[in-house]
Number of protein chains: 4
Amino acid sequence: MSSFGRIFRISTFGESHCPGVGVVVDGVPPRMLLSAADIQQQLDRRRPGGNKLGTERNEADQVQILSGIENGQTLGTPIGMLVNNKDQRPGDYGSMNQIPRPSHADYTYQQKYGIHASSGGGRSSARETIGRVAAGAIAEKFLLEKYGIEIIAWVSSVGDFDTDSVDMEIITRDDVDANEIRCPDAQAAEKMTSEIVAAREAKDSVGGVVSCVCRNLPAGLGEPVFDRLEAKLAHAMMSLPATKGFEIGSGFSGARMRGSVHNDPFIKKGDTLGTTTNNSGGVQGGISNGESVYFRVAFKPPATIGQAQQTVDYAGNSTTLEAKGRHDPCVVPRAIPIVETMTALVLADLVMLQKIRE
Amino acid sequence: MSSFGRIFRISTFGESHCPGVGVVVDGVPPRMLLSAADIQQQLDRRRPGGNKLGTERNEADQVQILSGIENGQTLGTPIGMLVNNKDQRPGDYGSMNQIPRPSHADYTYQQKYGIHASSGGGRSSARETIGRVAAGAIAEKFLLEKYGIEIIAWVSSVGDFDTDSVDMEIITRDDVDANEIRCPDAQAAEKMTSEIVAAREAKDSVGGVVSCVCRNLPAGLGEPVFDRLEAKLAHAMMSLPATKGFEIGSGFSGARMRGSVHNDPFIKKGDTLGTTTNNSGGVQGGISNGESVYFRVAFKPPATIGQAQQTVDYAGNSTTLEAKGRHDPCVVPRAIPIVETMTALVLADLVMLQKIRE
Amino acid sequence: MSSFGRIFRISTFGESHCPGVGVVVDGVPPRMLLSAADIQQQLDRRRPGGNKLGTERNEADQVQILSGIENGQTLGTPIGMLVNNKDQRPGDYGSMNQIPRPSHADYTYQQKYGIHASSGGGRSSARETIGRVAAGAIAEKFLLEKYGIEIIAWVSSVGDFDTDSVDMEIITRDDVDANEIRCPDAQAAEKMTSEIVAAREAKDSVGGVVSCVCRNLPAGLGEPVFDRLEAKLAHAMMSLPATKGFEIGSGFSGARMRGSVHNDPFIKKGDTLGTTTNNSGGVQGGISNGESVYFRVAFKPPATIGQAQQTVDYAGNSTTLEAKGRHDPCVVPRAIPIVETMTALVLADLVMLQKIRE
Amino acid sequence: MSSFGRIFRISTFGESHCPGVGVVVDGVPPRMLLSAADIQQQLDRRRPGGNKLGTERNEADQVQILSGIENGQTLGTPIGMLVNNKDQRPGDYGSMNQIPRPSHADYTYQQKYGIHASSGGGRSSARETIGRVAAGAIAEKFLLEKYGIEIIAWVSSVGDFDTDSVDMEIITRDDVDANEIRCPDAQAAEKMTSEIVAAREAKDSVGGVVSCVCRNLPAGLGEPVFDRLEAKLAHAMMSLPATKGFEIGSGFSGARMRGSVHNDPFIKKGDTLGTTTNNSGGVQGGISNGESVYFRVAFKPPATIGQAQQTVDYAGNSTTLEAKGRHDPCVVPRAIPIVETMTALVLADLVMLQKIRE
């Protein structure tokens, strides 16, 4: 339910307007250097900036480490982390209580629980991901320091504007963060930005795709048969708000190929084997093969839009809904650290599971 | 690892050439009428037929129920099921032991475990899915009898040949099984069949896409935040051999849309609410909304092909590999009951979790 | 690791001297009235009082609810709770860092993690149980309101002083709290109190036994075969600091009996069956039978004593250890709400699991 | 439910009179030499012999390994094992179907599931433990070969007859198996045997206690806070049929002690620390300290006795019940390998969890 992972295991809590959101991270290795700053940097990347693309809500999102660390070192015990919600009042959302927002979670939460948070999306809000990102920052640090594993996500499409010129073997986070859209292809980024601005001016929203690569992954990660690496990644990505699709390696285009083209022949690479192509996306039989793992995640356009929408209220009466306040017209730039975080959580868990066999 | 589900929980065992493959199903409701015939019918749909599309191995795959049933009724205790492997000898595979098959799991299993089954794919073999299908048949029966839930999968593309004329609100399994390719669009089916035959004649293989719909699902299924309905479905599908992608509702095409188009406005439907469109794929905020849930799964072309492939052996020496024997040139027709099975396993588990709140 | 329960599931965090201790409670039913006061009352019972029996540390232990509640009602989402640690400084414990305290967790944590909290027992400290008690208070409220289930623990022995005159079918928490020792047999309580005072005056500590009864439990709780009711209770109790034994019903004395004496014959009780005796302790085959469940938990004497102890430091050098500061000479009076809490957590989980079958 | 363990994880299936009982063992390390004979030897120790103490049912209990092994080596994949039930007919039990046997699981299973196996105890039968013992034999082999860990259980009391002269640091399984009662103290064994024979002649049954020691356990095993070593052991033991109590180290007698007596002072032992006494039972703060772990398990007298018992049928009508056929008058001699098995399952899991931290 609100926990994820088997050994490196997180449990998140918090709605959009309750006192705070946070996470308990279990299974963090002991004697790891860790400070709030290590966590804050990913939270800051996740935070809605004051830029022209995102929402303008001011959320400082300062993390507080509650436990599990002493003198800058992890103890091996659970790390509790908390981010206070600055604005705990319902604010602009009050009028929406009689009308379930189309394609939002209001109606389904009400059907599931017989109650739903009066405002702001409650648990389905993007604020829930704060706990994940805080936990993921620890996982990332562990993976990088112990294994040299690098996880880098970027925006590969917004609306109909794509990039296909990103070299995933050399891309860095600095490249990604070079522009607000977080697409390291400057030309494509410009078009994407225009598309987002256009959507916002039309009081509308727009979808997009996030791509992600994991480099320096050792071979052998992934647990047959139900916890294959791609199954865990798919689970992780599709647990994020607004995701509609996941593909790894050749993905849906691989379904159109012949085997003779799709197969990745082996070659000798140093002391081990590698492959000449990587349609597999670094995974064979659910287990990493030592090549880079890469995948793509589809995000739908945000459901909350300023345009008038014809819909019905909970009682079934026809009505019109216009969302007030500022809303994010496109989630993919902010989704970058969240996709990285979920990737790190999956990999940290699988690395630890594989350690048992060493 | 080899278990799936929280309450309706299965644990599978078995490789391609060991004495048997099977499953233990825990959490089956008591006092349900159940016989081997209920299970055999899905196993038969999964079995490689003697038809021109599949492999020609003769696998009777008769299920034996070992426990959990008395006088034709479930006891509420675990149901053990076993299918004997008729041919336990390595057979045609022996020569492959020095050469990891490209895009197959030989190399990664060897890297993970330091050993791999000497033949036939071992645990990554499609035979592993027998245990899943046996378990899924129970889940399906439970869902249909208690909730009227129908799960129907079909082949929606093979190679470059698609169908877009299937009405998912009325399609039946009989429609699907009307032809060997299991595409209920006869014209598309013909082209798909030709493509598979062509691939086989070229000693090659070809990929495809399976679509699936779940009808009559109650609203409220899916567990925020990590076990959203779409996350569990994605996990389930991506745990199947040869899958490369998953999308629900609008999927990747939804990432190209504006919110004003993508949003599904509510309308009154009988005593409850429904939506006028269904880009959401029946899921909002990770929870079913009462509309049909539908999704698509991409399968890559099978890795084992008769064509000569340039590759290296485990020691890194260049070599050529030609798979002998008969191999399935396309998995999607046989994947139909397996996709249905994994869907049923996910839904049975979520239905039971939701029952706690009633 | 730091999570307990399958459906009603808690994850605790916090050491003795970190910023705070707390818990995330997942699986709480929605639409339940709940306030901080509901939780505080058990925390207050758990808190070391200023009385002559306990330690004199001043720990206010005010709980803060972080999430999962709106307008006094549960949302069905995780409830995060936090209790700040007032004194985060190592305090009196500093000198113990070179010497592992005999029969304490210093040495084993160091062996396990290669590091241990510099003071106060860290995660093995009784302060960790604050998160449990906060969660348990919710479980208790749920069990009482929905099923009328009552859970009452009391001190049944301290050192060599026992009581055997407690009527577990009518005892109340008020009876238990009537004296500081929490033994509802006033005469025995007096002797127990004297024993604790004597131990303290000798700079020593003393062990004891807590008994507990659960009344109004429906028949059918407990999951064969590994999660039998008594197995879950034993697990829960033996996860508490300082516990050395658990017995249910006839317990160890039952091992001395003949079956003809031990068996509990059935009789008609109202519309259902009951038993004339209750050596089973309300459980048969791991499942509740509708009679009261009762069990006993042995607590060893606290390891931290003021007397000089001959021991060695981490390097193996002989030394003498005298604990400074105030230490609890006997834990059983304060263990009462903790035993109740763990019982409630077990029962809430089993009640929910059984609900699936209704 | 029917699974136990986190990494080294078993799932058992089977009732007393269904086609077979068995287990799926997940998480077994790859490349371990393993044959059916390794498993059969513990199954044979568990099997009711034709001796004067046990029942006379002839159950060959030959294990069949279904999967996970090739050429005598484990593959790292799940090991399925099956033991056929020779006698699948209800046999002597038929008459008991209208009358719930006192202190047996008939009534509670009926209350829980609304149905119960028509004969022989179903899932609560001792036959369910066959799957556990088969799995435990693998765990034991792993622990012994990799860590030198020895697990030895023996009968320490039957009825009122105890032994206190067993030296747990040197005892062997051969010592234990030297007599049928499995008490390595020959004089006590004789008295225990007489007690069992007397009970049987009186058509009665008698309880007993099993003691168990684990030697050569490394320090550091056990997971704070909920999965402490003693909590997992207690859970495991109390999940066995007929158990009523568990105590570790000083146990209930420790609750009578002063801390100055109970504490185990540290001394230097070779390169590490040990303790001069072992009241802790090898566990401090839930984590093994390198000393021998020992514990005791109380078993009640078997519920099925030949004596006439006054009770009621399911409808509440008074009746008399006399069990026909041969029934085991005391379970403790046969419980020896079962206690060892559950211990091995707990330790194998904890050893693997600790490996993650190495």
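Residues numbered from 1 in each chain as written. Chains lettered and ligands numbered in written order. Predicted model: local features only at pLDDT ≥ 70, side-chain atom pairs only at ≥ 80, totals over all residues.

(A) Highlighting the overall build of chain A. Across its full length, chain A carries nine helices and 18 strands. Relative to a compact globule of 358 residues, whose C-alpha radius of gyration would be 21 Å, chain A shows 21 Å and is just as compact. Taken along the three principal axes of its C-alpha coordinates, chain A extends 65 × 50 × 35 Å. Considering only intrachain contacts with a sequence separation of at least 6, the fraction spanning at least 24 residues in chain A is 71%. (Helix = DSSP H or I, 4+ residues; strand = E, 2+ residues; numbered from the N terminus. Rg over C-alpha atoms; globule rule 2.2 N^0.38 Å. Contact = placed C-beta atoms within 7 Å.)

(B) Expanded view of the relation of the copies chain B and chain A. Note on the copies: chain B fits chain A at an RMSD of 0.0 Å, the axial shift is 0.0 Å, and the rotation between them is 180°. Within this description, the copies of the chain are treated as partners about a two-fold rotation axis. For chain B, the minimum C-alpha distance to the rotation axis belongs to His235 of chain B and amounts to 2.4 Å. With an isologous cut-off of 70% or more, the 100% of interface residues of chain B that recur at the interface of chain A puts this contact in the isologous class. (Least-squares fit on C-alpha atoms with pLDDT ≥ 70 in both.)

(C) Region of interest: the sheet that holds strand β7 (residues 79–84) of chain A. Residue and element names in this part refer to chain A. Strand order across the open sheet formed by five strands is β1-β2-β3-β7-β4, with antiparallel pairing between neighbours. The strands lining the two open edges of the sheet, one partner per strand, are β1 (3–4) and β4 (63–65). In this structure, strand β3 (residues 20–26) lies alongside β7, joined through six bridges in antiparallel fashion. Within β7, the position partnered with Val21 by the bridge is Val83. Its contacts with the sheet place helix α1 (residues 36–46) against β4 and β7, and it is angled at close to 150° to β4. (Pairing = 2+ DSSP bridges. Axes fitted to C-alpha atoms, helices over the stretch in contact; angles between N-to-C directions.)

(D) Just the relation of the copies chain A and chain D, in detail. Once chain A is rotated about the relating axis by 180° and shifted along it by 0.0 Å, it coincides with chain D to within an RMSD of 0.0 Å. When the interface residues of chain A are mapped onto chain D, 100% of them again fall at the interface, so both copies present the same face.

(E) Structural view of the confidence of the model for chain A. Scored by pLDDT, chain A comes out at a mean of 92, with 94% of its residues at no less than 70. Here the prediction assigns the complex a pTM of 0.96, and the interface score ipTM is 0.96. (pLDDT = per-residue confidence, 0-100.)

(F) Expanded view of the pairing of strand β13 (residues 272–275) of chain A. All names here are of chain A. Of the two faces of β13, the one lined by Leu273 and Thr275 is fully buried and the one lined by Thr272 and Gly274 carries no buried residue. Bridging between strand β12 (residues 266–269) and β13 involves four bridges; their strand directions are antiparallel. Considered in β13, the bridge of Lys268 is made with Leu273. (Buried ≥ 20, exposed ≤ 12 C-beta atoms within 10 Å, placed from the backbone.)

(G) Representation of helix α3 (residues 129–147) of chain B within the structure. Residues and elements named next belong to chain B. Taking 1.5 Å of rise per residue, the 19 residues of α3 would be expected to cover 27 Å, and the 26 Å separating its terminal C-alpha atoms lies within 8% of that figure. Counting buried positions along α3 gives 14 out of 19 residues, so the element sits mostly inside the fold. Following α3 by one or two positions, Gly148 has its phi on the positive side, about 70°. (Expected span 1.5 Å × (residues − 1).)

(H) Focus on the sheet that holds strand β10 (residues 208–215) of chain A. Ordered in space as β9(A)-β8(A)-β10(A)-β16(A)-β11(A)-β11(B)-β16(B)-β10(B)-β8(B)-β9(B), the 10 strands form an open sheet in which the pairing is antiparallel. Every interior strand has two partners, whereas the edge strands, β9 (161–162) of chain A together with β9 (161–162) of chain B, have only one. In this sheet, strand β11 (residues 243–248) of chain B lies alongside strand β11 (residues 243–248) of chain A in antiparallel orientation, the contact comprising three bridges. Its bridge partner being in β11 of chain B, Phe246 of chain A is matched across the sheet by Phe246 of chain B.

(I) Spatial organisation of the interface of chain B and chain A. Facing the 87 residues of chain B at the interface are 87 residues of chain A. If you tally residues by element for the side of chain B that touches chain A, the top one is helix α2 (residues 106–113) of chain B, at six residues. Among the residues making up the side of chain B that touches chain A, the classes are represented as 35 nonpolar, 35 polar and 17 charged. (Nonpolar A, V, L, I, M, F, W, Y, C, P; charged D, E, K, R; others polar.)

(J) Representation of the environment of Thr193 of chain C within the structure. Residues and elements named next belong to chain C. Tracing the chain through its elements places Thr193 in helix α5 (residues 186–201). Overall, the presence of 20 C-beta atoms within 10 Å leaves Thr193 in the buried class. Note: C-alpha distance between Thr193 and Ile181 (12 residues apart in sequence) is 6.3 Å.

(K) Up close: the packing of helix α1 (residues 36–46) of chain B against helix α9 (residues 332–355) of chain B. Residues and elements named next belong to chain B. In contact at an axis separation of 7 Å, α1 and α9 are set at 140° when each is read in the N-to-C sense. Put simply, α1 runs oblique to α9. Residues Gln42, Arg45 and Arg46 of α1 touch α9, and the partners they reach there are Arg334, Ile336, Pro337, Ile338 and Thr341. For the contact of α1 with α9, the class distribution of residues is three nonpolar, two polar and three charged. (Parallel < 35°, antiparallel > 145°, perpendicular 65-115°, else oblique.)

(L) Local environment of unusual backbone geometry. The omega angle of the peptide bond from Pro224 of chain A to Val225 of chain A is 0°, so this bond is cis rather than trans. Summarising the element assignment, Val225 of chain A is placed in the loop between β10 and α6 (229–238). Although it is not a glycine, Arg31 of chain B adopts a positive phi angle of roughly 65°. Take Arg31 of chain B: it is sitting in the loop between β3 (20–26) and α1. Assessed through the 12 C-beta atoms surrounding it within 10 Å, Arg31 of chain B is described here as exposed. The backbone of Asn216 of chain C sits at a positive phi, close to 70°, despite the residue not being glycine. Following the sequence through the fold, Asn216 of chain C ends up in the loop between β10 (208–215) and α6 (229–238). Judged by the 13 C-beta atoms lying within 10 Å of it, Asn216 of chain C falls in the partly exposed class.

(M) Expanded view of helix α5 (residues 186–201) of chain A. Residues and elements named next belong to chain A. A rise of 1.5 Å per residue sets the reference length of α5, with its 16 residues, at 22 Å; its end C-alpha atoms lie 22 Å apart and thus fit the reference within 8%. Buried within α5 we find Ala188, Ala189, Met192, Thr193, Glu195, Ile196, Ala199 and Arg200. Along α5, the residues classed as buried sweep out an arc of 160° about the axis, all on the same side. Exposed positions of α5 whose direction lies more than 90 degrees from the buried face are Gln187 and Glu201. Elements in contact with the buried residues of α5: β8 (150–158) and β9. (Arc of directions from axis to C-beta.)

(N) Highlighting the environment of Val63 of chain B. All names here are of chain B. By the secondary structure assignment, Val63 is in strand β4 (residues 63–65). Through-space distance from the C-alpha of Val63 to that of Asn84 is 8.0 Å; in sequence the pair is 21 residues apart. Those residues in contact with Val63 that sit more than four places away from it in its chain are Ala36, Ile39, Gln40, Leu43, Met81, Val83 and Ala134.

(O) Representation of the packing of helix α6 (residues 229–238) of chain D against helix α9 (residues 332–355) of chain D. Residue and element names in this part refer to chain D. Where α6 contacts α9, the two axes come as close as 9 Å, and the packing angle between them is 145°. As for the relative orientation of α6 and α9, their crossing is right-handed in sense. Residues Leu229, Lys232, Leu233, Ala236 and Met237 of α6 lie in contact with α9, whose contacting residues are Val339, Met342, Thr343, Leu345, Val346 and Leu350. By residue class, the composition of the contact of α6 with α9 is nine nonpolar, one polar and one charged. (Left-handed = near helix turned anticlockwise from the far one by under 90°.)

(P) Structural context of the environment of Ala186 of chain A. With respect to the element layout, Ala186 of chain A can be found in helix α5. Look at Ala186 of chain A and you get partly exposed, because 13 C-beta atoms sit within 10 Å.

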